[in-house]
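Chain residues, written in single-letter form:
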Amino acid sequence: MAAIENYVNLPSEADYQEIIKKFPAFASASLSAKAKKDGAYENSNHKAGYYFTRTASPDSSHEVQAVLDFSSLFCDGSRLYGVGLRVALQIIYNPDNSLVKSCKEVSRTAEVWDKEKRKFVKTTSKAPVVTFGKKDYIWLNKDECEKGKEKTMRLISLELIARAKPFDKTGSTNDYGSEAAKELREQCQDEALEFATREEKKLLVKVRLSEKDGYEKAEPILKKEFKKTNDEKKLRNK
């Protein structure tokens, strides 16, 4: 099975499910100033946009799982334009790191679609947020890190940080690891690291995604993290 390795990705459907369970009001996301300037769609009522996950829609060869402005999953075409860019990355957890020490609690109120009640329900959630590369991220697994259960911090951007490039310009595939999605994968990293310092980049953990599970699980490559490969030198010396 094919696999890809990189530092920054779209979130997966599993990431979305974790957010909706822990911090439901943050499942949808507001647009950054850049995303607005770039022309990403924004629902004026919900003050939010929609974003791709890297997860293919079931029973489809060209649709992907997207998250709408009211927090629900939706199957949409990979050629879709106007989508906001939400990204996921991992960094080494170190309780003495300044990034960890600067963690703050952020509150957000949003209308979330309640399937059982079949109506929008105004929901308020609080989430731990850290800043990396001058962009804010939800620290998805804070409890797990602090209890020693996980070695890397799993971060999801608080906002839609840009307007996303199409998943596939031809709309013919929903394979996140395909050559067609390469431009989008590169955009994830470029946007996330736009203002990151060399010291911040040193904290990044490369992850491996496998076609075997639809690129759902981002497996941290911890054994290679501090080896000065050419790829890592290129990334961290920018």
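This structure is a prediction, so every number in the text was calculated from the model and none was measured.

Caption draft 1: Structural context of the overall build of the protein chain. Each helix and strand in the protein chain was counted, giving 7 helices and 12 strands. A globule of 238 residues ought to have a C-alpha radius of gyration of about 18 Å, and the protein chain, at 17 Å, matches this closely. Counting only C-alpha atoms and orienting by the principal axes, one finds that the protein chain spans roughly 50 × 40 × 35 Å. Across the protein chain, contacts joining residues at least 24 apart in sequence account for 67% of those joining residues at least 6 apart. By element, 48% of the accessible surface of the protein chain is carried by carbon and sulfur atoms, the whole surface being about 12,100 Å².

Caption draft 2: Spatial organisation of the packing of aromatic side chains. Summed over the entire model, instances satisfying the criterion amount to 8 aromatic pairs. Look at phenylalanine 70 and phenylalanine 120: their rings are 5.2 Å apart centre to centre, the planes differ by 70°, and that puts the pair in the edge-to-face class. Pair noted here: phenylalanine 70 is in the loop between strand 4 (63-67) and strand 5 (73-77) and phenylalanine 120 is in strand 8 (residues 119-132), with a separation of 50 residues, a long-range link. The class of phenylalanine 120 is partly exposed, set by a relative accessible area of 35%. Among the aromatic residues, those joined into a ring-pair cluster are Phe52, Phe167, Tyr176 and Tyr215.

Caption draft 3: Region of the structure containing the side chain of serine 178. Along the chain, the position of serine 178 falls in the loop between strand 10 (152-157) and helix 5 (182-192). Residue classification places serine 178 among the buried positions, given a relative accessible area of 14%. Among the polar contacts made by the side chain of serine 178, one reaches the main-chain carbonyl oxygen of aspartate 175 at a distance of 2.7 Å. Residues within four places of serine 178 in sequence aside, it is in contact with Thr173 and Arg185.

Caption draft 4: Region of interest: the sheet that holds strand 7 (residues 104-114). Overall, antiparallel pairing links the 6 strands, which are arranged 2-6-10-9-8-7 in an open sheet. Of all the strands in the sheet, just strand 2 (8-9) and strand 7 have a single pairing partner and so form its edges. Contacts from helix 1 (residues 13-22) reach strand 6 (88-92), strand 7 and strand 10 within the one sheet, and its direction differs from that of strand 10 by about 85°.

Caption draft 5: Geometry of the pattern of salt bridges. Using the criterion set out here, one finds 13 salt bridges in the structure. Residue glutamate 18 is joined to lysine 22 by a salt bridge in which the shortest nitrogen-to-oxygen separation is 2.8 Å. Separated by 4 residues within a single helix, glutamate 18 and lysine 22 lie in helix 1, roughly one turn from each other. Residue class for glutamate 18 comes out buried when judged on its relative accessible area of 19%.

Caption draft 6: Seen up close, the pairing of strand 9 (residues 135-139). In terms of residue burial, strand 9 counts as a mostly covered element, since 4 of its 5 residues are buried. As judged from the 4 bridges shared by strand 8 and strand 9, these two strands associate in the antiparallel manner. What sits directly across from valine 130, in strand 9, is tyrosine 137. Between the antiparallel neighbours strand 8 and strand 9 lie 2 residues, among them glycine 133 with a positive phi of about 60°. Examined bridge by bridge, strand 9 and strand 10 share 3 bridges and lie antiparallel to one another. Counterpart to tryptophan 139 in the pairing with strand 10 is leucine 155.

Caption draft 7: A look at the nonpolar core. Ranked by size, the top nonpolar core spans 41 residues in total, and within it Leu85, Leu89, Ile91, Phe132 and Met153 carry the most contacts. Looking at this core, the elements that each hand over two or more residues are strand 4, strand 6, helix 3 (98-101), strand 8, strand 9, strand 10, helix 5 and strand 11 (207-210). By residue number, the principal contributor to this core is helix 5, which donates 3 residues. Not counting chain neighbours up to four residues away, the residues in contact with methionine 153 comprise Leu89, Gln90, Ile91, Ile92, Tyr93, Leu99, Val100, Val130, Trp139, Asn141 and Cys145. Phe23, Leu31, Val129 and Leu160 belong to the second-largest nonpolar core, a separate cluster that totals 19 residues.

The rules we used
- Residues numbered from 1 in each chain as written.
- Predicted model: local features only at pLDDT ≥ 70, side-chain atom pairs only at ≥ 80, totals over all residues.
- Heavy atoms only, no water.
- Helix = DSSP H or I, 4+ residues; strand = E, 2+ residues; numbered from the N terminus.
- Rg over C-alpha atoms; globule rule 2.2 N^0.38 Å.
- Contact = heavy atoms within 4.5 Å.
- Areas by Shrake-Rupley, 256 points an atom, 1.4 Å probe, with all protein chains shown as cover.
- Phe/Tyr/Trp six-rings, centres within 6.5 Å; stacked < 30°, edge-to-face > 60°.
- Buried < 20%, exposed > 50% of the residue type's maximum accessible area, 1.4 Å probe, protein only.
- Polar contact = N/O pair within 3.5 Å; in protein donor to acceptor, adjacent residues only side chain to side chain.
- Pairing = 2+ DSSP bridges.
- Axes fitted to C-alpha atoms, helices over the stretch in contact; angles between N-to-C directions.
- Salt bridge = Lys/Arg side-chain N within 4 Å of Asp/Glu carboxyl O.
- Core = buried A, V, L, I, M, F, W, Y, C linked by side-chain atoms within 4.5 Å.

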